[in-house]
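# Observations on chain architecture
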Amino acid sequence: MKYLLTFLAMVLALALAAPLVLGQEDVMKISSAAQGLKDRPPVTFSHAKHSEIYECTTCHHEYNEYLANQGGGEAKCSECHQPSATAKNPTPLTLAYHQQCKSCHLRLLEFKAPKTGPIMCGDCHRQGAPAAKAKEAKKK
Ligand code: HEC
Ligand code: HEC
Ligand code: HEC
Ligand code: HEC
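Residues numbered from 1 in each chain as written. Chains lettered and ligands numbered in written order. Predicted model: local features only at pLDDT ≥ 70, side-chain atom pairs only at ≥ 80, totals over all residues. Heavy atoms only, no water.

On to the environment of Gly72. Topologically, Gly72 is positioned in the loop between helix H2 (47-53) and helix H3 (93-110). Owing to a relative accessible area of 18%, Gly72 belongs among the buried residues under this scheme. In this structure the C-alpha to C-alpha distance between Gly72 and Cys59, which are 13 residues apart in sequence, comes to 8.5 Å. The contacts of Gly72, once residues within four sequence positions are left out, are His60, His61 and Glu62. (Helix = DSSP H or I, 4+ residues; strand = E, 2+ residues; numbered from the N terminus. Buried < 20%, exposed > 50% of the residue type's maximum accessible area, 1.4 Å probe, protein only. Contact = heavy atoms within 4.5 Å.)

This brings us to the site of ligand 1. Surveying the vicinity of ligand 1 reveals 17 residues, the closest of which are His47, Cys56, Cys59, His60 and Cys77. Residue His47 places a side-chain N or O atom 2.8 Å away from a nitrogen atom belonging to ligand 1. At 2.8 Å, a side-chain N or O of His60 approaches a nitrogen atom of ligand 1. Only strand S1 (27-30) and H2 provide two or more residues apiece to the shell around ligand 1. (Near = heavy atom within 4 Å. Polar contact = N/O pair within 3.5 Å; in protein donor to acceptor, adjacent residues only side chain to side chain.)

Coordination of the iron atom of ligand 2 by the protein is provided by His61 (NE2) and His81 (NE2), with metal-donor distances spanning 2.0 Å. Residue classification places His81 among the buried positions, given a relative accessible area of 13%. (Donors = N, O, S within 2.8 Å, 3.2 Å for Na, K, Ca; no water.)

As a further point, take the site of ligand 4. Around ligand 4 sit 22 residues, and of these Ser32, His98, Cys121, Cys124 and His125 come closest. Lys38 places a polar main-chain atom, nitrogen or oxygen, 3.2 Å from an oxygen atom of ligand 4. A distance of 2.8 Å separates an oxygen atom of ligand 4 from a polar backbone atom of Asp39. At the level of elements, H3 and helix H4 (121-124) are the ones that each hand at least two residues to the shell around ligand 4.

Okay, the coordination of the iron atom of ligand 3 next. The protein atoms donating to the iron atom of ligand 3 are His50 (NE2) and His105 (NE2), with metal-donor distances spanning 2.0 Å. Taken together, the six donor atoms coordinating the iron atom of ligand 3 and their angles of 86 to 180 degrees define a geometry best described as octahedral. In this pair, His50 sits in helix H2 while His105 sits in helix H3, placing the two residues 55 residues apart along the sequence. (Tetrahedral: all angles 85-135°; square planar, octahedral: opposite > 155°, others 65-115°.)

Below is the structure:
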């Protein structure tokens, strides 16, 4: 019986881990701290829930010379969007996130969609997030 339970626990663990095998975490913690930006607590982003609703290319992109989206290499946003605007990429990192995340949630509100995401600062940058707690603890 004990072995059967262990086996079932393993099957369950594998099932839960399946999305990770596909290459991305279900729920991501997005933090631009590595880019030297860290005024706000990091943002929790349910990648799996969003990916169920939208095509990958709604958010991921890699533009050719005609600005046609070639699908997006699934690279980190920060690989192309720098903390400050550059000639090659005029959209700085924070704006890139805000423009993508917030404008979609706002549009959904505008169109009275049944469900939308947060648009208030504190609802995305949550104080209670573990990394924010660590930062608060450090300050003391
Ligand atoms: C609603 C927007 C959105 C959708 C839809 C979406 N993604 Fe993402 N994805 C993101 C964001 C934001 C990140 C975090 C990028 C970062 O950390 O710079 C990310 C990260 C990833 C990463 C990890 C990249 C890395 O190097 O850390 C992979 C892989 C990925 N997405 C693949 C996909 C695939 C495949 C789909 C479609 C099934 C998809 N995404 C749909 C927004 C989205
Ligand atoms: C392979 C490079 C590359 C990656 C990776 C990338 N971008 Fe971009 N992005 C661009 C280029 C090039 C443009 C067009 C020039 C501009 O407006 O900065 C752009 C434009 C944008 C824009 C302006 C509106 C639009 O869609 O044209 C937003 C918003 C944006 N990116 C958000 C993101 C987010 C969020 C991520 C990560 C999920 C991301 N980008 C990943 C290269 C990239
Ligand atoms: C193309 C539209 C779109 C984009 C882009 C988008 N969202 Fe959302 N978001 C939604 C929708 C729709 C929901 C409601 C999903 C639900 O409740 O089933 C949502 C819900 C959320 C929620 C609350 C629900 C939950 O459990 O996740 C958060 C937090 C969130 N989004 C954060 C983000 C962040 C951060 C980004 C940018 C990295 C982002 N979203 C980009 C459409 C979008
Ligand atoms: C829909 C979600 C969302 C909302 C709403 C939102 N942000 Fe963000 N913001 C992000 C994401 C995602 C990032 C990139 C990850 C990070 O560094 O926290 C970001 C990055 C930032 C950054 C740069 C990183 C840092 O911590 O210094 C600042 C500053 C910021 N946001 C301030 C704000 C302010 C002020 C508001 C309200 C006016 C706001 N945000 C609302 C999602 C959001």
